[in-house]
Amino acid sequence: MKHLTFYNYDAQLFESTNPALSYRYVCGSQMFIYELENGLKHAANVDGFFMPTVSIDELKNTLASLGVSTAYLNLHPSLIEPDYIALAEESDAIVGIQSLAELPLPNDYSKSIRQKLKQARQADWVPITSELFSALYASQHYTEQKSDLRLNVQVGHCEWIGLAISESEFSYACFGIGEGIVEYLLAASSDEGRWLQAGLLYRMMERYSSEGFEMLNLGGGISPGDGLEKYKRRLAGDAVPKRTVRLVVDEAAFRVASKDCEPGTRFPPYF
């Protein structure tokens, strides 16, 4: 049975600060639409993953009605719809997933992670607000990657949680709640409290498992093989290749706009 994910609710986690980028809720999925300099429009799922609620033909028809020529879809790791899978490309990047029906034991992890999980048992849960998370998140070095996006602290279907062991050692996380599936969306920690994140994540796995959720999507890294991807791979019970769909909605417009472009990795090539 297909479950709705966090990304199927009209609850965008990031707001655009770029006037050429607009948010749209399309066919039950969160998407950004780019107004390109050549006059065409390109759509992409919001920062995260895409879980369809309609057939690919219905999605193409809807995007066409919005004037969109191309779309980039980062498929959710739990997606099984054959019409999307048939068009998907697998990359070298991986996405970490964890079954919540059968959690790994602490002894299943490496020695360094086992130590962190054990020490994190001494930490206390701390109630945090989305505003408090946002302030800490903005100070993290990797947020520079999202220069055109601003965290939307009013977003629904999210849980903001913190773990602290002292005034200087604390770690926060934001989880997106779907139907049976939880998304590990964002993390932010004090400099001294980064080691707590693994313990926070494991303790939340235990809680979500006890509440009947079936899967935790840890996501991937910023680029294939980076430290974040390796960290999530060490904590996840399984990993699947990142799957994406490069969807051409308007073949004629795409051919005309692409004819003078050099081959490359960008999609569309004139982006």
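Look up: the structure comes first, before these words.
Reference entry: report on the structure contained in this document. This is a predicted model, so every value here is computed, not measured.

What counts, and where the lines are drawn
Residues numbered from 1 in each chain as written. Predicted model: local features only at pLDDT ≥ 70, side-chain atom pairs only at ≥ 80, totals over all residues. Heavy atoms only, no water. Salt bridge = Lys/Arg side-chain N within 4 Å of Asp/Glu carboxyl O. Helix = DSSP H or I, 4+ residues; strand = E, 2+ residues; numbered from the N terminus. Buried < 20%, exposed > 50% of the residue type's maximum accessible area, 1.4 Å probe, protein only. Contact = heavy atoms within 4.5 Å. Polar contact = N/O pair within 3.5 Å; in protein donor to acceptor, adjacent residues only side chain to side chain. Pairing = 2+ DSSP bridges.

1. Some details on the pattern of salt bridges
Next, step 1: Under the criterion given, the structure shown has eight salt bridges.
Next, step 2: Across the salt bridge formed by Arg150 and Glu15, the nearest N and O atoms sit 3.3 Å from each other. Taken together, the residues Arg150 in strand E8 (residues 149-151) and Glu15 in strand E1 (residues 14-16) connect sequence positions 135 residues apart.
Next, step 3: For Glu15, a relative accessible area of 28% translates into the label partly exposed.
Next, step 4: Its salt-bridge partner being Lys41, residue Glu35 comes within 3.8 Å of it at the nearest N-O pair.
Next, step 5: The exposure class of Glu35 is partly exposed, given its relative accessible area of 42%.

2. What about unusual backbone geometry?
As a rule of thumb, non-glycine residues mostly have phi less than zero, and peptide bonds are mostly trans rather than cis.
Next, step 1: At the junction of Phe267 and Pro268, the peptide bond is cis and its omega measures out at -10° in the coordinates.
Next, step 2: Topologically, Pro268 is positioned in the segment after helix H7 (251-258).
Next, step 3: Phi is positive for Cys27, close to 50°, though the residue is something other than glycine.
Next, step 4: Turning to its location among the elements, Cys27 is positioned in the loop between strand E2 (21-26) and strand E3 (29-35).
Next, step 5: With a phi angle near 60°, His157 is a residue other than glycine that sits in the positive phi range.

3. What to know about helix H4 (residues 130-138)
Next, step 1: What H4 keeps buried is the set Ser130, Phe133, Ser134, Leu136 and Tyr137.
Next, step 2: Taken together, the buried residues of H4 touch E1, E8, strand E9 (158-164), strand E10 (170-177) and strand E11 (181-189).

4. Examining the side chain of His42
Next, step 1: Topologically, His42 is positioned in strand E4 (residues 41-45).
Next, step 2: One polar contact links His42 to Thr70, side chain to side chain, over a distance of 2.7 Å.
Next, step 3: Among all residues touching His42, those that are not within four sequence positions of it are Phe32, Ile33, Tyr34, Leu36, Val68, Thr70, Ala71, Tyr72, Phe267, Pro268 and Phe271.

5. Regarding the pairing of E10
Along a regular strand, successive side chains alternate from one face of the sheet to the other.
Next, step 1: In terms of burial, E10 is a largely internal element, seven of the eight residues being buried.
Next, step 2: Where E9 folds back on E10, the antiparallel hairpin that results is connected by five residues.
Next, step 3: Relative to E11, E10 runs antiparallel, the two being bridged by seven bridges. Residue Ala173 lies in a different strand from E11, and its bridge partner there is Ala187.
Next, step 4: The loop that links E10 with its antiparallel partner E11 comprises three residues; one of these, Gly180, has a positive phi angle of about 85°.

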